[in-house]
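Examination of the molecular architecture
The lines below spell out each chain.
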Amino acid sequence: MIDPETQSRGRPGLLAIADVFARYGNFTLGGGSATVGTLHRELLDRRRWIDADAFTLCFSLARLTPGTNVLAFCTGIGWLLRGYPGAIVALLAASVPCTLIVVVASALFTEAEGNGLAQAAIHGAIAAAVAITVKTCWTIAHPHYRPGSRLRVVAIATAAFLLYVVAGIPAIEVLLGAAVLGAILPPVRA
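Here's what I pulled together on the structure shown here.

Rules and cut-offs
Residues numbered from 1 in each chain as written. Predicted model: local features only at pLDDT ≥ 70, side-chain atom pairs only at ≥ 80, totals over all residues. Heavy atoms only, no water. Helix = DSSP H or I, 4+ residues; strand = E, 2+ residues; numbered from the N terminus. Buried < 20%, exposed > 50% of the residue type's maximum accessible area, 1.4 Å probe, protein only. Contact = heavy atoms within 4.5 Å. Areas by Shrake-Rupley, 256 points an atom, 1.4 Å probe, with all protein chains shown as cover. Lys, Arg positive; Asp, Glu negative; His and termini not counted. Charge placed at Lys NZ, Arg CZ, Asp CG, Glu CD. Axes fitted to C-alpha atoms, helices over the stretch in contact; angles between N-to-C directions. Parallel < 35°, antiparallel > 145°, perpendicular 65-115°, else oblique. Left-handed = near helix turned anticlockwise from the far one by under 90°. Phe/Tyr/Trp six-rings, centres within 6.5 Å; stacked < 30°, edge-to-face > 60°. Patch = residues over 30% accessible without salt bridge, like charges linked within 9 Å, V, L, I, M, F, W, Y side chains within 5 Å. Salt bridge = Lys/Arg side-chain N within 4 Å of Asp/Glu carboxyl O. 1 Å grid on protein atoms, 1.4 Å probe; cavity = no way out; pocket = protein on both sides within 12 Å on 5 of 7 lines; lining within 4 Å. Points joined across faces, edges and corners; volume = space filled by probe spheres on them.

1. Side note on the overall build of the protein chain
Looking only at helices and strands, one finds eight helices and zero strands in the protein chain. If you list the helices and strands of the protein chain from N to C, you get α-α-α-α-α-α-α-α. By principal-axis analysis of the C-alpha atoms, the protein chain measures approximately 55 × 45 × 25 Å. Here the protein chain holds 190 residues, and the buried ones make up 27% of them. Excluding contacts between residues fewer than 6 apart, the proportion of contacts in the protein chain whose partners are at least 24 apart in sequence is 61%. Carbon and sulfur atoms make up 70% of the accessible area of the protein chain, which totals about 11400 Å². Distance between charge centroids for the protein chain: 8 Å, based on 14 positive and 10 negative side chains.

What follows is the structure in structure tokens.
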């Protein structure tokens, strides 16, 4: 779960955790998926605080929680890094600054609501957010998309998409069903 090299150097300090989650949890534009993608790069590739399995575990568990999944994700990572203090620091660092930003942005949006240019800008941002979400999905799925498991990954992803989008089954039921299917169809080890 925790990278062996990081473990030998010691766990990151609470200030380092606060710095990472304040910086990347609040100033990564594009929504929760962009934030998760950026944190993936920062936590795994750059700082090597955790491994891909720990990251995927926190991401998956966060998706099973109600409410804001990115905050649940940050809290889970904080927990893995430093237990209760790490979880609290990661949650507060990832949520308080952006909450203040949203209050200010909401006040500004209310003023520009009838402006056609502002509406066009928002529509463009939505299109970009969808692209960023797709890229983040690939970043998280890519380590599991290897020879011997590709068909399994594609089958579960396609089934989940169809159940959620076409059949209208609630997300939590689709996620739990995919978890059961994943347990029944373990990946082939190459």
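What follows picks up the thread again.
2. Let's talk about the packing of helix α3 (residues 32-46) against helix α6 (residues 116-141)
Two elements in contact, α3 and α6, have axes whose closest approach is 8 Å; the angle formed by their N-to-C orientations is 40°. The angle between α3 and α6 falls in the class oblique. The element α3 and its partner α6 pack so that their crossing is left-handed. Within the contact between the two elements, α3 uses Ser33, Ala34, Val36, Gly37 and His40 and α6 uses Ile132, Thr133, Thr136, Thr139 and Ile140.

3. Section: unusual backbone geometry
Within the chain, arginine 48 stands out as a residue other than glycine whose phi angle is a positive 55°. On the secondary structure map, arginine 48 appears in the loop between α3 and α4 (52-63). Overall, the relative accessible area of 38% leaves arginine 48 in the partly exposed class.

4. Focus: the packing of α3 against helix α5 (residues 69-112)
In the contact formed by α3 and α5, the axes pass within 10 Å of each other and the chain directions differ by 20°. As judged from the angle between their axes, α3 and α5 are roughly parallel. Here the hand of the crossing between α3 and α5 comes out left-handed. Between α3 and α5, the contacting residues are Gly32, Thr35, Val36, Leu39 and Leu43 on the first element and Val70, Phe73, Cys74 and Ile77 on the second.

5. Looking at the packing of aromatic side chains
Tallied over the entire structure, the rule returns three aromatic pairs. Relative to phenylalanine 73, the ring of phenylalanine 55 has its centre 4.9 Å away and its plane inclined at 70°; by these criteria the two rings are edge-to-face. Taken together, the residues span a long stretch of sequence, with phenylalanine 55 in helix α4 and phenylalanine 73 in helix α5 at a distance of 18 residues. The interplanar angle of 80° and the centroid separation of 4.8 Å between the aromatic rings of tryptophan 79 and tyrosine 84 together place this pair among those described as edge-to-face. According to the relative accessible area criterion, tryptophan 79 is partly exposed, its value standing at 44%. Classification of tyrosine 84 as exposed rests on a relative accessible area of 62%.

6. A look at a nonpolar patch on the surface
Together, Trp79, Tyr84, Ile88, Leu92, Val96 and Leu100 make up a nonpolar patch on the protein surface, roughly 660 Å² of accessible area in all. Looking at where leucine 100 falls in the secondary structure, it is placed in helix α5. The exposure class assigned to leucine 100 is exposed, which follows from its relative accessible area of 57%.

7. Some words on the layout of surface pockets
By volume, the largest pocket is sized at about 1700 Å³. Sorting the residues of the lining of the largest pocket by element identifies α4, α6, α7 (150-166) and α8 (171-184) as the ones contributing at least two each. The space that makes up the second largest pocket amounts to roughly 470 Å³. Lining the second largest pocket are 19 residues, with Asn26, Thr28, Gly31, Cys98 and Val102 positioned closest to its centre. For the lining of the second largest pocket, the secondary structure elements donating two or more residues are α2 (14-26), α3 and α5.

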